[in-house]
Amino acid sequence: MTLVVDFDHPRDELTSLVGGKGNNLLSLCAAGFPVPTGFVVTAESYRRFTAALDWLDPALRELVFNDPQRLRDQCERLRARMCLSPLPSAVEAEIRDALARVGAAADDPFAVRSSSTFEDLAQAAFAGQHDTYLNIRGEEAILRRVRDCFVSLWGDRAVLYRRHQGFSQTDARMAVVVQRQILCDRAGVGFSMNPVSGRIDRLVIDANYGLGESVVSGEGEVDHFELDKSSLEVVHRAIGHKDSMVAPTDTGVEQRPVPAECADQPCLSDEELREIGRLLQRVEFHYGWPQDIEWGWRDGTLYLFQSRPVTTIQPHYTRDESAERFPNPMTPLTWDFFREVFSRSLEHSLALMGLPPLRDDWFSLHDHYVYGNQNAVQLLASYRPLRARTAAELAEEIPLLRQRYAWVGELPVRWARDLDRYLIRLGRLSAAKLDGLTPAELWQHVLAIQDVAAEYFEPNIAISITQSFLHRLLHKLVEMALGPERALAVFDGLLAGCETKTAVVNREIHELAGLAAQSATLRAELLGGGREFWESGGLDRHPAFASRFSRFLEDHGHREMDMDYAQPTWSGQPWVVLESIALILRSGSTEDPASVARQLRIRYAATELSFLSAVPEELRFFFREMIRLARTYTTLDDLEHYQTTRVNPVARQAAIALGTRLVEEGILDAPEDVFFFQRTELEQLIGELPGADRPSYRDRVYRRKQSFEEARRQSPPWDLSQRRAATAEAPAGTLSGLPGSPGQASAACFRVHDPSDFGRFPAGSILVARTTNPAWTPLFYSAAGLVTESGGPLSHGAVTAREMGLPAVMSVRGVMTALSDGQTVTVDGTQGLVFTASS
């Protein structure tokens, strides 16, 4: 087993052997970054060092984590005993040989840094938890400091940090980086994003004179700079009073005063800042993720000492990401279950994709509306799975891509394998007899439903993120092959006609409309109102249609009109489907969706053939696979959502049954009011029955229900940090958004708040909505254009509008209050603008 690994070692991904810091340095050296030479004393050397310490494992089992002073004393005694043991002779010999290989003279300075196998991982940085020694000279001193780094694994701070992060103490290992010390005249740290605000369009650099330890330690003032990431212009600077710096001595380092004439002057010029900025850009591009680096200047040369992934991203909650998924206020009980399932999936999915975890929630509930962490969204959107910029570079990178992203090809297969388990377990739960169960038994039933949903949903966020990555990556690859002018048209053609479950369902609705159109009586009754038709028993008068409609609900009745379990699905309000059928009848559309789908598939086949013929032969299979995967994930992303919502009616049924019991207990007036409990208080209430304080729980529920109803009557602020709608910034008479589907259309607008408005939608109107989902597709047959408060070019509304040739403007914030029914507007989907009659 290797005891020492040089920085120029050809192997990659050696974290278990060289630690996080060591592995990063090997990777940076291999990529040609200006990293001072050195080597890593591996975790195998540490294992040999501790192999003779038969007392170590028993001592670790005796650590007391809930008593800080006792833990401190235990760790101090443990380290003192370890310091009595010398390094194994084989380890010493390997270190001496490595020093010879890097040409170390007797008085050459070296930095000796700890590199735990848990350190600098995506999950945890371990910054400052282990020891670093600077300006170490001579073989004996270096050997002693390597041993000291081994021992620092058991400092009480490091032990508690591992405990807090969930790492096993007995699995902890230490490697040590030994690197030539650059005696810098200026040094510091840099972030390729702003770690405080979370802005990914900013670079942040802190600097001081001397070695970088004064900046890393945070002791004393330093210079602080923020640069625009694209232009590298300084957008903010704060020059500190730098009264001290870390400087080398004959035996190590010491604090020295900064000369008075320099203390209040910037220690870096703008050109030096731009050079550090370019280094930050290159390092981030290398890893495909924001980085935190340590750098230093010496005699006009910039050096890179280490890099680690940024592990903390400050949240910035807006409606940008959430308004399309969650357009309406969410009841507290549904949200509490959603949040737990979503958090579990996000953690699993990011780990599967090899991305750092998010420490803050992706979504958060404020005043009953769901807000998304826009900083996290933008960060993931900026992730670059591909480093190549040319076809030649791509050909070289393909083997690495195949290894790194093998899971992309495996995930659809694993998801399909696990789908049966989800459907079988959910089927059993939906068939359970709930009559006669106690509130406690019903609560256990609810928890069982959540467990099934959470297990199934684990990889689904990875599916959605991967679908987005693949779309962006395929577009970049097409642009690389054909140039930016032709890329978009070819990209659209390559994704034309993807078969989705939503398209299948919409075709079936269209077929039902065609069946209804064959009977003048049935057609007239449906046009008179879907709900009236349903409630009057109209289906009984048309058995053939009723049979087909019943089968449709049996197959697809779990489709949601709202993600909130408090809202019934199609099976709970079947007249919504009848209204959709009436919309198609009212529009007079004779277009056959199956024929349209066929034409799209023909377009795809022709585009793929033409495109691949222009691709170099050595890249042709890779491009074909990329197209296949992008189409596969487009289908899978839609299908997993379709299957996810199968839990909705089952969860609603269980919650309503529990609510019914609470009505009987005199706590609620209606079963549906159960959704206004928070999960923790509902669990507490059930545990307290029959002796619960009923008036207290009842009051909490109804106050929350009242605030929910108030929230539903108004549009929420778009950005929690600003608390104002973006439309206030738009020119008078013009609303701005994002282009969704090209073209222009002028007509009266009609706001659709929820499915209850479907039947009143006037044919030929501009459809205005907070968002749309697949269940809204029939509205598009009657609409002249589309305007939404949320969504973007890949949202359901934009994709459907493009397929139907409707101009669409997305993400017009506050549009539901800015426009009124019957108001004439012009939708410019090319520019992303909505003009009112007064503009």
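Refer to the structure printed above.
Notes on the structure follow. All values reported here derive from a predicted model rather than from experimental measurement.

A look at the packing of aromatic side chains
The geometry of an aromatic ring pair is captured by the separation of the ring centres together with the interplanar angle, meaning the angle of the planes.
Thinking step 1. According to the stated counting rule, one finds 18 aromatic pairs in the structure shown.
Thinking step 2. On the basis of an interplanar angle of 40 degrees and a centroid distance of 6.4 Å, the ring pair of phenylalanine 342 and phenylalanine 457 is categorised as tilted. Here phenylalanine 342, found in helix α11 (residues 332-352), pairs with phenylalanine 457, found in helix α15 (residues 439-457); they are 115 residues apart in sequence, far enough to count as distant.
Thinking step 3. Looking at phenylalanine 342, the relative accessible area reads 16%, which means it is buried.
Thinking step 4. For phenylalanine 457, a relative accessible area of 15% puts it in the buried group.
Thinking step 5. Ring centres 5.6 Å apart and planes at 65 degrees place the aromatic pair phenylalanine 611 and phenylalanine 623 in the edge-to-face group.

Looking at the sheet that holds strand β14 (residues 317-318)
Thinking step 1. If you trace the three strands from one edge of the open sheet to the other, you get β14-β16-β15, paired in antiparallel fashion. Looking at which strands have only one partner, the edges of the open sheet turn out to be β14 and β15 (363-366).
Thinking step 2. Pairing of β14 with strand β16 (residues 369-373), which is carried by two bridges, proceeds in the antiparallel orientation. Within β16, the residue paired with tyrosine 317 across the bridge is asparagine 373.

A word on the environment of leucine 689
Thinking step 1. Looking at the secondary structure, you find leucine 689 in the loop between α26 (679-688) and α27 (694-712).
Thinking step 2. Sequence separation between leucine 689 and valine 159 is 530 residues, and the spatial gap between their C-alpha atoms is 43 Å.
Thinking step 3. What leucine 689 contacts, discounting residues up to four positions off in sequence, is Pro439, Leu662, Glu665, Ile667 and Arg694.

A short note on the pairing of strand β8 (residues 223-228)
Thinking step 1. For β8, the tally of buried residues reaches five of six residues, placing the bulk of the element in the interior.
Thinking step 2. With six bridges connecting them, strand β7 (residues 202-209) and β8 associate as antiparallel partners. In the sheet register, aspartate 206 faces β8, and the bridge partner there is histidine 224.
Thinking step 3. Here β8 runs beside strand β9 (residues 234-238); their pairing, made up of four bridges, is antiparallel. Directly across from phenylalanine 225, in β9, lies its bridge partner arginine 237.
Thinking step 4. Counting the residues in the hairpin turn of β8 and β9 gives five residues, including leucine 232, whose phi is positive at 65 degrees.

Criteria and cut-off values
- Residues numbered from 1 in each chain as written.
- Predicted model: local features only at pLDDT ≥ 70, side-chain atom pairs only at ≥ 80, totals over all residues.
- Heavy atoms only, no water.
- Phe/Tyr/Trp six-rings, centres within 6.5 Å; stacked < 30°, edge-to-face > 60°.
- Helix = DSSP H or I, 4+ residues; strand = E, 2+ residues; numbered from the N terminus.
- Buried < 20%, exposed > 50% of the residue type's maximum accessible area, 1.4 Å probe, protein only.
- Pairing = 2+ DSSP bridges.
- Contact = heavy atoms within 4.5 Å.

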